[in-house]
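This is what each chain is made of:
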Amino acid sequence: MTGHQWGYGEDDGPSAWSKDYPIAEGPRQSPINIVPDEAVYDANLPPISLNYDNCTSINISNNGHSVVVEFDDADDRSVIQGGPLNNAYRLKQFHFHWGGKGCHGSEHTVSGKTYTSELHLVHWNAARYGSFGEAVAASDGLAVLGVFLEIGDEHRGLHKITDALYMVKFKGTVADFRDFNPKCLLPRSLGYWTYPGSLTTPPLYESVTWIVLAEPIEVSEKQMGKFRTLLFSGEEEEVRKRMENNFRPPQPLNGRAVRSNFQ
Ligand SMILES: CCc1c(F)c(F)c(S(N)(=O)=O)c(F)c1F
Ligand SMILES: [Zn+2]
């Protein structure tokens, strides 16, 4: 596996990543299995505060690993703060991880329970670093908000995304995607677990403060089916590989404390 050519298949998947990215076996890797009974309720953990009202989505793209919606992060117009964070972190992008048919597909698990998908809202510490590229490798550089998706009723906010997926079927495709506010993808409760972790894809930097919401959102099987029409492969590639099961399994906790802001 030459550098930067990683995937989720038999030969280039999570069990092979450590060859090119030795940090894969580091002390604070993600995702993890969250065991609520072993989480430490921390009464001093403030609620998280999301200010997405002036957020500016720019485009939606297929990077060969997931579907990504990017935001204008030139100023503090859309930030997450509070919770375990010492300052405001700027929204850079969000993307998803999902399974094939059935109910696996999330990266974090809760007492071993998997969800059908997991949304990651990626933010970077603009108070301390000059760019996302600089922050991505710093121990307090990123804050990722994780939201579980489970099969149920259709999600009205997700429609705008699933209706745009046909434009980014192939790896390397990008399309305009304006005026999307991801606030509509959040559950009612912002109760969360938080722990120090990493990117769940190469380069697997140990730079993420994870904030995983306990309440899932509901999406329909039909909506999930649209994610599976995406391809890992580029338009010119002979073999078409459906984009699914793009999740890393849980990694060793190595004694890390998982804290919750709820009992
Ligand atoms: C380098 C860009 C990037 C990702 F590709 C990614 F998958 C994640 S993840 N799954 O940990 O949320 C990030 F946080 C992230 F910043
Ligand atoms: Zn992710």
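- An unreviewed UniProt entry lists the protein chain under the name Carbonic anhydrase, with Astyanax mexicanus given as the organism.
- Under the Catalytic activity (unreviewed entry) heading, UniProt states for the protein chain: "hydrogencarbonate + H(+) = CO2 + H2O".
- Quoted straight from UniProt, the Function (unreviewed entry) entry for the protein chain says "Reversible hydration of carbon dioxide."

Notes on the nonpolar core
No. 1: Core analysis: the largest hydrophobic core is formed by 48 residues, its most contacted members being Ile60, Phe94, Phe96, Leu145 and Ile161.
No. 2: Of all the elements in the fold, those that place two or more residues in this core are β3 (48-51), β5 (67-71), β7 (89-98), β9 (117-124), β10 (142-151), β13 (208-213), β14 (217-219) and α4 (221-227).
No. 3: If you tally residues by element for this core, the top one is β7, at five residues.
No. 4: With sequence-adjacent residues up to four places away left out, Ile161 is seen in contact with Ile60, Phe94, Phe96, Phe177, Phe180, Leu185 and Phe227.
No. 5: Counting 21 residues, the second largest nonpolar core, distinct from the first, contains Ile34, Val110, Trp124 and Tyr195.

Details of the state of the cysteines
No. 1: Using the criterion set out here, one finds zero disulfides in the structure.
No. 2: Left without a disulfide partner, Cys55 is nearest to the cysteine sulfur of Cys184, which lies 9.1 Å away.

Concerning the coordination of the zinc ion (ligand 2)
No. 1: Looking at the zinc ion (ligand 2), one finds its protein donor set to be His95 (NE2), His97 (NE2) and His120 (ND1), positioned 2.0 Å from the metal centre.
No. 2: Geometry at the zinc ion (ligand 2) is tetrahedral, judged from the four donor atoms that bind it and their angles of 99 to 115° at the metal.

As for the site of ligand 1
No. 1: Taken together, His95, His97, Glu107, His120, Val122, Phe132, Leu142, Val144, Leu199, Thr200, Thr201 and Trp210 form the complete shell of residues around ligand 1.
No. 2: For ligand 1, a nitrogen atom lies 3.3 Å from a polar atom in the side chain of His95.
No. 3: Separating an oxygen atom of ligand 1 from a side-chain N or O atom of His120 is a distance of 3.3 Å.
No. 4: Protein burial of ligand 1: of its 370 Å² of free accessible surface, 85% is covered by the chains.
No. 5: Given that more than half its atoms are within 2 Å of the pocket grid, ligand 1 belongs to the largest pocket.
No. 6: Among the secondary structure elements, those contributing two or more residues to the shell around ligand 1 are β7, β9 and β10.
No. 7: A class-by-class count of the residues in the shell around ligand 1 yields six nonpolar, five polar and one charged.

Some points on the pairing of β10
No. 1: In terms of burial, β10 is largely enclosed, as eight of its 10 residues are buried.
No. 2: As paired elements, β9 and β10 share eight bridges and run antiparallel to each other. Looking across to β10, one finds that His120 is bridged to Gly146.
No. 3: The pairing of β10 with β13 spans five bridges and is parallel. Bridged to Val144 within β13 is Trp210.
No. 4: Relative to β14, β10 runs parallel, the two being bridged by three bridges. Residue pairing in the sheet places Ile151 in a bridge with Val219 of β14.

Some words on the packing of aromatic side chains
No. 1: What the rule picks out here adds up to 12 aromatic pairs.
No. 2: Site record: aromatic cluster; members linked through ring pairs are Phe71, Phe94, Phe96, Trp98, Phe177, Phe180 and Phe227.
No. 3: The ring of Tyr115 has Lys113 sitting right over it, with the charged end atom 4.7 Å from the ring centre.

Observations regarding unusual backbone geometry
No. 1: Here the amide bond leading from Ser30 into Pro31 is cis, since omega sits at 0°, within 30 degrees of zero.
No. 2: Checked against the element boundaries, Pro31 lands in the loop between α1 (17-20) and β1 (33-34).
No. 3: Cis geometry marks the peptide bond from Pro202 to Pro203, where omega comes out at 10°.
No. 4: Here Pro203 shows up in the loop between β12 (192-197) and β13.
No. 5: The backbone of Ser111 sits at a positive phi, close to 50°, despite the residue not being glycine.
No. 6: Tracing the sequence through the fold places Ser111 in the loop between β8 (109-110) and β9.
No. 7: In this model, Leu204 sits at a positive phi of 60°, which is unusual for a non-glycine residue.
No. 8: Tracing the backbone shows Leu204 in the loop between β12 and β13.
No. 9: Classification of Leu204 as buried rests on a relative accessible area of 0%.

How each quantity is defined
Residues numbered from 1 in each chain as written. Chains lettered and ligands numbered in written order. Predicted model: local features only at pLDDT ≥ 70, side-chain atom pairs only at ≥ 80, totals over all residues. Heavy atoms only, no water. UniProt positions renumbered as here; feature names shortened; annotations may be inferred. Core = buried A, V, L, I, M, F, W, Y, C linked by side-chain atoms within 4.5 Å. Buried < 20%, exposed > 50% of the residue type's maximum accessible area, 1.4 Å probe, protein only. Helix = DSSP H or I, 4+ residues; strand = E, 2+ residues; numbered from the N terminus. Contact = heavy atoms within 4.5 Å. Disulfide = S-S within 2.5 Å. Donors = N, O, S within 2.8 Å, 3.2 Å for Na, K, Ca; no water. Tetrahedral: all angles 85-135°; square planar, octahedral: opposite > 155°, others 65-115°. Near = heavy atom within 4 Å. Polar contact = N/O pair within 3.5 Å; in protein donor to acceptor, adjacent residues only side chain to side chain. Areas by Shrake-Rupley, 256 points an atom, 1.4 Å probe, with all protein chains shown as cover. 1 Å grid on protein atoms, 1.4 Å probe; cavity = no way out; pocket = protein on both sides within 12 Å on 5 of 7 lines; lining within 4 Å. Sits in = over half its atoms within 2 Å of the grid points. Nonpolar A, V, L, I, M, F, W, Y, C, P; charged D, E, K, R; others polar. Pairing = 2+ DSSP bridges. Phe/Tyr/Trp six-rings, centres within 6.5 Å; stacked < 30°, edge-to-face > 60°. Lys NZ or Arg CZ within 6 Å of the ring centre and 35° of its normal.

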